[in-house]
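Chains, contacts and geometry: an overview
Now for the letters of each chain:
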Amino acid sequence: MDKKKLREIIAVFKESGLAKMEISESNSEGNFAIKLENASAAAPAPIQYVSLPESKQEEPQAASEIKDFNKYRDVKSPMVGIFYTASSPDAEPFVKVGQKVKKGDTLCIIEAMKLMNDVVAEEDGEIVEICAENGSLVEFGQVLFKIF
């Protein structure tokens, strides 16, 4: 492999924010293979706690307060229709990101064939993400919300 090409590849790798790169020659003709890994695939960095100069020290978050966003639940559209976040254009949205919801709370409205259908929370939780845009067409089974 040409050293100039190798230096260019390494420079691009450093700028990309990727975590791991493996380069191996495939054959005697100078062909090579590159394997790249994203930073999310790498091991997490160790957490360090620093003591404060005063006697007051913050305690690390309790394990119950740390959220594992791999355990969120999707709220999917039960039908094809137009997605609305509020009951009217002037009204406040039913839910916002970070808001706690209870089972049975209205999350949005889907208009199908001139009928307004409420989509309600099936479980208690917190809105992590609103995945559909107000006034947009949604498909059956499309993710509307992510709830933790």
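Below you will find a few notes about this structure.

Scoring rules and cut-offs
Residues numbered from 1 in each chain as written. Predicted model: local features only at pLDDT ≥ 70, side-chain atom pairs only at ≥ 80, totals over all residues. Heavy atoms only, no water. Helix = DSSP H or I, 4+ residues; strand = E, 2+ residues; numbered from the N terminus. Buried < 20%, exposed > 50% of the residue type's maximum accessible area, 1.4 Å probe, protein only. Contact = heavy atoms within 4.5 Å. Areas by Shrake-Rupley, 256 points an atom, 1.4 Å probe, with all protein chains shown as cover. Pairing = 2+ DSSP bridges. Core = buried A, V, L, I, M, F, W, Y, C linked by side-chain atoms within 4.5 Å.

Considerations on the overall build of the chain
The secondary structure content of the chain amounts to one helix and 10 strands. Along the chain, from the amino end to the carboxyl end, the secondary structure elements read α-β-β-β-β-β-β-β-β-β-β. For the chain, with 148 residues in total, the buried portion stands at 18%. Considering only intrachain contacts with a sequence separation of at least 6, the fraction spanning at least 24 residues in the chain is 49%. Entry remark: accessible area of the chain is about 11500 Å², with carbon and sulfur atoms responsible for 51%.

Quick notes on the sheet that holds strand 7 (residues 115-120)
On the basis of which strands lie adjacent, the open sheet formed by four strands has the order 7-6-4-9 and antiparallel pairing. A strand with exactly one partner marks an edge of an open sheet, and here the two such strands are strand 7 and strand 9 (137-138). The pairing of strand 6 (residues 106-112) with strand 7 spans six bridges and is classified as antiparallel. Its bridge partner being in strand 7, Glu111 is matched across the sheet by Met116.

Details of the nonpolar core
In terms of nonpolar packing, the biggest core is built from 15 residues, with Phe83, Val101, Leu107, Cys108, Ile127, Leu144 and Phe145 touching the most fellow members. Of all elements in the fold, only strand 6 and strand 10 (143-147) reach the threshold of two or more residues within this core.

Here we look at the sheet that holds strand 3 (residues 73-76)
Pairing in this open sheet of four strands is antiparallel, and the strands run 3-10-8-5 from one edge to the other. The sheet is open, and its two borders are formed by strand 3 and strand 5 (100-101), each paired with just one other strand.

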